[in-house]
Amino acid sequence: MEQVLHFTKKLYAFSGKILIINTLGMVFISLIEGVGVLLLLPILNVSGIANVETGIPLVSMMIKYLQDLPKALSLPLVLCLFVFLVIGQNWLLRTLTIRDTIIQQKFVRHLRLETYTNLLQSNWSFFVNHRKSDLINLLTSELTRVGFGTTLVLQLVASLIFTLIQIGIAFWLSPVMTIFVLTFGVILTLFSRKFIKRAKSLGGQTSQLSQNFLAGISDQMAGMKDIKSNSLEESWLRWYRSLTQNLVNEQVEYIKLRSSSQLFYKVASSVLIAVFVYLSVTIFQTKVEQLLLIFVIFSRLWPRFTGIQSNMEQIASTIPAFKAIIKLQQECVRLKEFYMENKPENKTFQPIEIKTHIECRNVSFRYNQNEQTYALKDINIYIPSRKMTAIVGRSGAGKSTLIDVIMGLIEPQTGQICIDGQPISNEKVYALRQSISYVPQDPFLFNGSIKDNLLMIDPNATEEQIWEALEFAASAEFVSKLPEGLDTLIGDRGIRLSGGERQRLVLARAILRKPSILILDEATSALDRENEAKIQEALERLQGRLTMIVIAHRMSTIRKADQVIVIDQGQIIQKGEYDQLAEEREGLFSNLLGNQIGAVNS
Ligand SMILES: Nc1ncnc2c1ncn2[C@@H]1O[C@H](COP(=O)(O)OP(=O)(O)OP(=O)(O)O)[C@@H](O)[C@H]1O
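Residues numbered from 1 in each chain as written. Predicted model: local features only at pLDDT ≥ 70, side-chain atom pairs only at ≥ 80, totals over all residues.

Enquirer: Help me understand the site of the ligand, please; the structure alone is not making it clear to me.
Expert: Lining the immediate surroundings of the ligand are Val128, Tyr367, Ala375, Gly393, Ser395, Gly396, Ala397, Gly398, Lys399, Ser400 and Thr401. For the shell around the ligand, the leading source of residues is helix H11 (residues 399–406), giving three residues. Its residues assigned to classes, the shell around the ligand shows four nonpolar, six polar and one charged. (Near = placed C-beta within 6 Å. Helix = DSSP H or I, 4+ residues; strand = E, 2+ residues; numbered from the N terminus. Nonpolar A, V, L, I, M, F, W, Y, C, P; charged D, E, K, R; others polar.)

Enquirer: Mind showing me how you'd approach helix H6 (residues 132–173) here?
Expert: Residues that lie three or four places apart on an α-helix share one face, since the helix turns once every 3.6 residues. The terminal C-alpha atoms of H6 lie 60 Å apart, and with 42 residues this matches the ideal 62 Å at 1.5 Å per residue to within 8%. Of all the bends found along H6, the most pronounced is centred on leucine 138 and spans about 35 degrees. (Expected span 1.5 Å × (residues − 1). Bend = angle between axes of the 7 residues up to and from the residue.)

Enquirer: Can you walk me through the packing of helix H7 (residues 175–222) against helix H9 (residues 233–283) in this structure?
Expert: Between two packed helices, the angle of one axis relative to the other and the distance separating the axes together describe the packing. H9 packs onto H7 with a crossing angle of 170 degrees between their chain directions and a minimal axis gap of 10 Å. On the basis of their axis angle, the class for H7 and H9 is roughly antiparallel. Here the residues of the contact of H7 with H9 sort into 18 nonpolar, eight polar and three charged. (Axes fitted to C-alpha atoms, helices over the stretch in contact; angles between N-to-C directions. Parallel < 35°, antiparallel > 145°, perpendicular 65-115°, else oblique.)

Enquirer: Looking at this model, I keep getting lost on unusual backbone geometry. Mind explaining?
Expert: Of all residues except glycine, most have a negative phi; of all peptide bonds, most are trans. Of note, the phi angle at asparagine 362 is positive, near 45 degrees, even though the residue is not glycine. Position of asparagine 362 relative to the elements: it lies in strand E1 (residues 357–365). One non-glycine residue, alanine 474, adopts positive backbone phi at about 55 degrees. Counting through the fold element by element, alanine 474 comes out in the loop between helix H14 (463–472) and helix H15 (476–481).

Enquirer: In this structure, what is going on with the sheet that holds strand E12 (residues 571–576)? I would like to understand it.
Expert: Across the sheet, six strands lie side by side as E6-E9-E10-E3-E11-E12; this open sheet has mixed pairing. The open sheet has two edge strands with one neighbour each: strand E6 (436–439) and E12. Each adjacent strand pair in this sheet contributes to an overall mean axis angle of 15 degrees, direction not counted. Bridge count for strand E3 (residues 388–393) against strand E11 (residues 563–568) is five bridges, and the pairing is parallel. Residue pairing across strands places valine 392 opposite valine 566, the latter belonging to E11. (Pairing = 2+ DSSP bridges.)

Enquirer: Any chance you could explain the domain arrangement of the chain here in plain terms?
Expert: The accessible area lost on association of the parts is a frequent measure of interface size. Assigned domains of the chain: these are domain 1 (2–15 + 103–334), domain 2 (349–435 + 515–602) and domain 3 (443–514). The centre of domain 1, based on its C-alpha atoms, is set 47 Å off from the matching centre of domain 3. (Domains from an automatic or database assignment.)

Enquirer: Looking at this structure, I do not really get the nonpolar core. What am I missing?
Expert: Generally speaking, nonpolar side chains in soluble globular proteins are found buried as a group. The biggest cluster of nonpolar side chains holds 67 residues, and the ones touching the most others in it are Ala390, Ala508, Ile519, Val550 and Val564. Sorting elements by how many residues they give to this core places helix H16 (residues 499–512) first, with seven residues. Mapping this core onto the domain boundaries places at least three of its residues in each of domain 2 (349–435 + 515–602) and domain 3 (443–514). With sequence-adjacent residues up to four places away left out, isoleucine 519 is seen in contact with Ile403, Met407, Ile436, Tyr438, Val439 and Ile549. Counting 38 residues, the second largest nonpolar core, distinct from the first, contains Val4, Leu11, Leu111 and Leu138. (Core = buried A, V, L, I, M, F, W, Y, C linked by C-beta atoms within 7 Å. Buried ≥ 20, exposed ≤ 12 C-beta atoms within 10 Å, placed from the backbone. Contact = placed C-beta atoms within 7 Å.)

Structural data, given as C-alpha cells:
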C-alpha cells in the first residue's frame, strides 16, 4: 500500500486545497444523506405506519411539530422536505463528481508528462537496456491503471468518510445495533484480506501479460515481411492464441474473484440479518418500529462496508502498476543524462560552433563493467572541422559505439572528447548535440506530410530553406513530382516512399538544421547503387561546408573522404587518406575494399 500512498501524496501535492474542499463536500453530502435517514422517522410517524421514538431531541421536536399540524399538511410537507433533500444531495454529488474527475484527469496528465519527461531525460544506456514495447506499455496501459487506482483511492477516502458519518448517525440512533453491525464488519474485513491478496497477485499477472502482449505484437509488426516470406504465420498464431487465452483466463479469474467476494459479502449480510431478526424477536422481543429502524440503519451501513472491501480489492489489483511506474521513475532519475543533473529549469543551450577540430583523447569504453572486453580501447582521433572523416571496420568493431561517445550519448570510462582543444564539460554535451545532425541507417519519419517531417527539426524554417535543403539532399526533384509536393502525406496514411527517398528526406531534414557536424551511421548500407550514388553526390556538395563523420559499410560512399579511420576490436588500426590506405596491402582497409570489389565483380 505504500506505493498507493506515494501517489496519493503526489495527488495532494498536485491538486492542493481543492482536494480537501471536495472531500469536505463529500462529508456534507453524507450529512444530508444522514438527515434523509432521520426524516424517514417523522414520515413513519406522520403517515401512521409506526410510532417511532428515537430519543433524538431534534427529531422528537420535529415529530411533535408535525403532529400538531393537520395531517393533510404534515405528510406532504415532510415528503417535500425529503424530496428536496434528495435533490440537493444529488445535485451536490454531481457537481463534486465533475470536479473530482477534472482533478483526476489533470493528475493523470501530470503523471504522464512527469514520466515522459523523466524518460526523455534518461541517458542512452537506459534505452539500450529496455525493450521499446515495455516502455510503451508503461506509458500507456500501466499509467492508465495508476490513474484509475488513484481515482479508486479518492473513492475509498470518500467512502470511509461517508461510512464514519453513517456510523456516527447509526450510533446516535441505536448504539447496540451499530456495535453489532460493526463487529460483523470487522470480522468481514479479516476474511476479505484473502480476496485482497489474490486481487493483488492477479494485478501482477495483468501487468506481465500486457507487457508480453505488447512486446510480441510490436516484434511481429516490425518483422511482418520476415513472417510472410518465411511462412511463420502458424507459429505466431500459436503464440497469439495462447497469450490471448491467458488474457481471457486472467480476466475470468479476476471476475470470479470479485463475484466470489461479492457473494461472500451478500451471504454474510443475509445471515447477519437472519440472526439479528431471530434474536430480536425471540430473545429481546423487539417491537416492529424498532425492527424497522434497525433495517434502515443496516441497509445504510452494510453496503458501505462491502463497497469499501470491493474498492480495496480493485486498488490491490492496480498496485503492481503503481510499483512499475515508481520503479521506472526511479530508474530514469538514476540514469539521468549527466548534463541534465543540476540543470536549472528552462535553461537553454546554444549550439557549439566547431572552429578547428573534434578530438578523442585516450577514450576507452566497455558496456559491462564486470567484463574484460572493451568496446573501445585507447582511442585517439583528430577530426578536422569542415572535412569528411570516414570510419570503417568489420561488424562489431566499435564504430557505432565511437559515434555514441562523440555525440555524448554514452560517457567514456576513461579519456575525453575535446572541441577545439577544450575537453567537453557535462554542461556542454547538450550544446554539442544541438550542433549535430544524425542520420541513422533506419531513418525515423512519422505519419504526416513531408513538410511536417522536415519542420520537426526547425519549426521556423521557411519554404525556401526547405527547398534548399531538399536540393542539397538530392530530393527536390522527386518531392516536386509528388501530387501535393511538400504537403504530400507519407507513412501509413499516405504514400509509400522507397528506402532511398526516405533516406534522402532524412538527410534533407538533417541539413535543414544547419548543423556544424553531420553524422551518417551506415546511412547508405541498405540502398541500391543508384540511391547510394545520389547520397554520395549530396555529401560531396556538402563537403567543405560542415564537419562530416560517415560510418560506411560500402567503401564507394567514402571515396571522397578527407580522412579514413579503420577500427577493429575497439582499437584504431589504420588512419589516413582513402588512396593511401588502399595502397597498404597488408592492412584491413584494403582487405575490406578487396572483399567488396570481389563481391561486385563476382
Ligand atoms: N548495448 C550493448 N551492450 C553490450 N554490448 C554491446 C552493446 N552495443 C554494442 N555492444 C558490443 O560492443 C561492440 C561494438 O559494437 P558496435 O555496435 O559499436 O559495433 P559496430 O562496428 O557499429 O558494428 P556494426 O557495423 O555491426 O553495427 C560489439 O562487440 C557489440 O557486441
